[in-house]
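Tertiary structure, described
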Amino acid sequence: MKEKLEKCGLKQNEVTLMSLDIVNMYPSIRVKLIQKALNYYAKNLPAAARETIDLCMDIVQFGMKSTLIQFQGRYYVYKGAAKVREILEEDVALAIGAYKLAFLANIMASYVFEETEGCFVKCIFRGIYRDDGLVIFTGKWTRMQIACWLSQYQTLVNRIVEGDYLQFTMEVWSPTEPSTKEFINNNNNCEFWVIRGYKSNK
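Calculation notes
Residue positions are given per chain, counting from 1 as you read along its sequence in written order. In view of the model being predicted, local features appear only for residues whose pLDDT reaches at least 70, and side-chain atom pairs are presented and counted only at 80 or more, with totals across whole chains, interfaces and linings using the full set of residues. Each side-chain value is worked out from all heavy atoms of the structure, with water and hydrogens disregarded. Strands are runs of DSSP state E lasting at least two residues, helices are runs of H or I lasting at least four, and both sets are numbered from the N terminus onward. The classification of residues rests on relative accessible area computed with a 1.4 Å probe and restricted to protein chains. Under 20% of the type maximum is buried, over 50% is exposed, and intermediate values are partly exposed. Contacts: residue pairs with any heavy atoms within 4.5 Å of one another. What sets the accessible areas is the Shrake-Rupley method with a 1.4 Å probe; for residues, cover comes only from the shown protein chains. Counted as salt bridges are all cases of a side-chain nitrogen of Lys or Arg within 4 Å of a carboxyl oxygen of Asp or Glu. Helix axes are fitted only over the stretch in contact, all axes being lines through C-alpha atoms; the angle between N-to-C directions runs from 0 to 180 degrees. Any angle that falls under 35 degrees is termed roughly parallel, while one over 145 is termed roughly antiparallel, one within 65 to 115 roughly perpendicular, and all others oblique. Crossings are classed by handedness, with left-handed meaning an anticlockwise turn of the near helix from the far one by less than a right angle and right-handed meaning a clockwise turn. Gly counts as polar in this scheme, as do all residues outside two lists: the nonpolar Ala, Val, Leu, Ile, Met, Phe, Trp, Tyr, Cys and Pro, and the charged Asp, Glu, Lys and Arg. Two rings from Phe, Tyr or Trp (for Trp, the six-membered ring) form a pair when their centres are within 6.5 Å of each other. A pair whose planes differ by under 30 degrees is stacked, one over 60 is edge-to-face, and the rest are tilted. Whether a charge sits over a ring comes down to the Lys NZ or Arg CZ being within 6 Å of the ring centre and within 35 degrees of the ring normal. Strand pairing requires that DSSP identify at least two bridges connecting the strands. By definition, no residue in a patch forms a salt bridge, and every one has over 30% relative accessible area; like charges are joined within 9 Å, nonpolar side chains (Val, Leu, Ile, Met, Phe, Trp, Tyr) within 5 Å. Among the buried residues, those of types Ala, Val, Leu, Ile, Met, Phe, Trp, Tyr and Cys that are joined through side-chain atoms within 4.5 Å form a nonpolar core.

This part takes up the overall build of the chain. When you go through the chain residue by residue, the secondary structure sums to 6 helices and 8 strands. Going from the N terminus to the C terminus, the chain shows its helices and strands as α-β-α-α-α-β-β-α-β-β-α-β-β-β. Evaluated residue by residue, the chain yields a buried proportion of 35% over its 202 residues. For the chain, the share of sequence-separated contacts (at least 6 apart) that also reach a separation of at least 24 residues comes to 66%. Accessible surface for the chain amounts to roughly 12,700 Å². Of this, 53% is attributable to carbon and sulfur atoms.

Have a look at this one:
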């Protein structure tokens, strides 16, 4: 990523650099979304290959719904980021720390970004590693523009994943932005602020 960015010849006053991150990525990736992503990428594969994928997903799903968490001597069934007591098997999510499931997490993220390709037409560069994405747009964007873009992007993502359980947030690098209420970091006069959906300051 570093080499690709260096080749872009970026100038501070001509671009807007943002991170685009998935909130609580692993606990938010549900079986039904993984299956949807796999079907998307496997649609042109031979029938035998698709059957193997389905069999592997059955095994993965069994493991996901059988995950137990120990806390203060008691065991709990892991449900990811679900807020309700009873959930459908297709809504069971990936477990944090299950490094072998990183492959499925990457497939899901790739699927979502491919399906939202049209949102990045003004983008010079975008890349992602796990749940951390980097996006660079041409021109200097205001906080209002970024908030509106994220709102529209989230709406599209909700439609693709058929729910609002996969949430995105943005952190924006703005060395000339005046002091704001939402500092994340201040390092060498590079100010960072967060956009989580759109909230008017008025």
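Our focus in this paragraph is the pattern of salt bridges. Tallied over the entire structure, the rule returns 2 salt bridges. We note a salt bridge from Arg 126 to Glu 117, for which the minimum N-O separation is 2.4 Å. Residue Arg 126 is classed as partly exposed on the basis of its relative accessible area, which comes to 28%. By relative accessible area, which is 44% here, Glu 117 ends up partly exposed.

Let us look at the packing of helix H3 (residues 31-42) against helix H4 (residues 47-65). Any two packed helices are characterised by how steeply their axes cross, that is the angle between the axes, and by the distance between the axes. Running from N to C, H3 and H4 point in directions that differ by 165 degrees, and their axes come no closer than 11 Å. As far as their axial angle goes, H4 and H3 are roughly antiparallel. Between H3 and H4 the crossing geometry is right-handed. Between H3, through Val 31, Ile 34, Gln 35, Leu 38 and Ala 42, and H4, the contact on the second element is made entirely by Arg 50, Ile 53, Asp 54, Met 57, Gln 61 and Met 64. Per-class residue counts for the contact of H3 with H4 are 7 nonpolar, 2 polar and 2 charged.

It is worth spelling out the packing of aromatic side chains at this point. Going through the model one piece at a time under the given rule, you end up with 10 aromatic pairs. Both rings, one in Tyr 40 and one in Tyr 41, keep their centres 4.9 Å apart while their planes meet at 80 degrees; by these two values the pair is edge-to-face. For Tyr 40, a relative accessible area of 23% puts it in the partly exposed group. Note on Tyr 41: relative accessible area 34%, which makes it partly exposed. Against the face of Tyr 165 rests Arg 30, its NZ or CZ located 4.2 Å from the ring centre. The cationic tip of Arg 126 hangs over the ring face of Phe 120; the distance from NZ or CZ to the ring centre is 4.4 Å.

Note that strand S2 (residues 68-71) and strand S3 (residues 74-77) share 4 bridges and pair antiparallel. Opposite Leu 68, over in S3, you have Val 77 as the bridge partner.

A cluster of nonpolar side chains, contributed by Leu 68, Tyr 75 and Val 77, occupies part of the molecular surface with about 340 Å² of accessible area. By the secondary structure assignment, Val 77 is in strand S3.

The next subject is unusual backbone geometry. Within the chain, Asn 24 stands out as a residue other than glycine whose phi angle is a positive 45 degrees. Looking at where Asn 24 falls in the secondary structure, it is placed in the loop between strand S1 (15-22) and helix H2 (25-28).

Further remarks concern the nonpolar core. Judged by nonpolar contacts, the single largest core of 43 residues is most densely connected at Leu 20, Leu 166 and Phe 168. Listing elements by their share of this core, those giving two or more residues are S1, H2, H3, H4, helix H5 (102-115), strand S5 (132-138), helix H6 (143-161) and strand S6 (168-173). At 9 residues, the largest contribution of residues to this core is made by H5.

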